[in-house]
Amino acid sequence: MSGAGATKEYRCPGCNRVISPGTAHLVAWRAERSLAGGGPEDRRHWHNSCWQRLGPR
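Residues numbered from 1 in each chain as written. Predicted model: local features only at pLDDT ≥ 70, side-chain atom pairs only at ≥ 80, totals over all residues. Heavy atoms only, no water.

Asks: Honestly, the overall build of the protein in this entry has me stumped. Any pointers?
Replies: Across its full length, the protein carries one helix and four strands. Mapped from its N terminus to its C terminus, the protein presents α and β elements in the order β-β-β-β-α. Looking at the protein alone, contacts between residues at least 24 apart form 32% of all its contacts between residues at least 6 apart. Surface summary for the protein: the accessible area is close to 4,300 Å², and the carbon and sulfur share equals 50%. (Helix = DSSP H or I, 4+ residues; strand = E, 2+ residues; numbered from the N terminus. Contact = heavy atoms within 4.5 Å. Areas by Shrake-Rupley, 256 points an atom, 1.4 Å probe, with all protein chains shown as cover.)

As structure tokens, then:
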């Protein structure tokens, strides 16, 4: 998500720190739906650096 598109405050699940409005970041969610969820309503907002630290997925 571009910085201009980030108009709300989010919490990064990688570091549990706030992603401030106006900060570019990555938005991710599971591609497949399951009984436990997995659609766009389950999206998570990550700092780019926290996502990269996870390594290949």
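There's more to say after this.
Asks: Would you explain the side chain of His 47 in this entry?
Replies: Relative to the helices and strands, His 47 resides in the loop between strand 4 (44-46) and helix 1 (48-53). Contact partners of His 47, with chain neighbours within four places excluded, come to Cys 12, Cys 15, Arg 17, Val 18 and Ile 19.

Asks: What am I meant to see in the environment of Arg 43 here?
Replies: In this structure, Arg 43 sits in the loop between strand 3 (26-28) and strand 4. Taking C-alpha positions, Arg 43 is 6.4 Å from Val 27, a pair spaced 16 residues apart along the chain. In this view, Arg 43 contacts Val 27, Ala 28 and Trp 29; residues no more than four positions away in its chain are not counted.

Asks: Even after reading the chapter, I still don't get the environment of Ala 6, so can you show me in this structure?
Replies: Relative to the elements of secondary structure, Ala 6 occurs in the segment before strand 1 (10-11). We classify Ala 6 as buried; its relative accessible area is 3%. Placed 17 residues apart in sequence, Ala 6 and Thr 23 show a C-alpha to C-alpha distance of 6.3 Å. What Ala 6 contacts, discounting residues up to four positions off in sequence, is Met 1, Pro 21, Gly 22, Thr 23 and His 25. (Buried < 20%, exposed > 50% of the residue type's maximum accessible area, 1.4 Å probe, protein only.)

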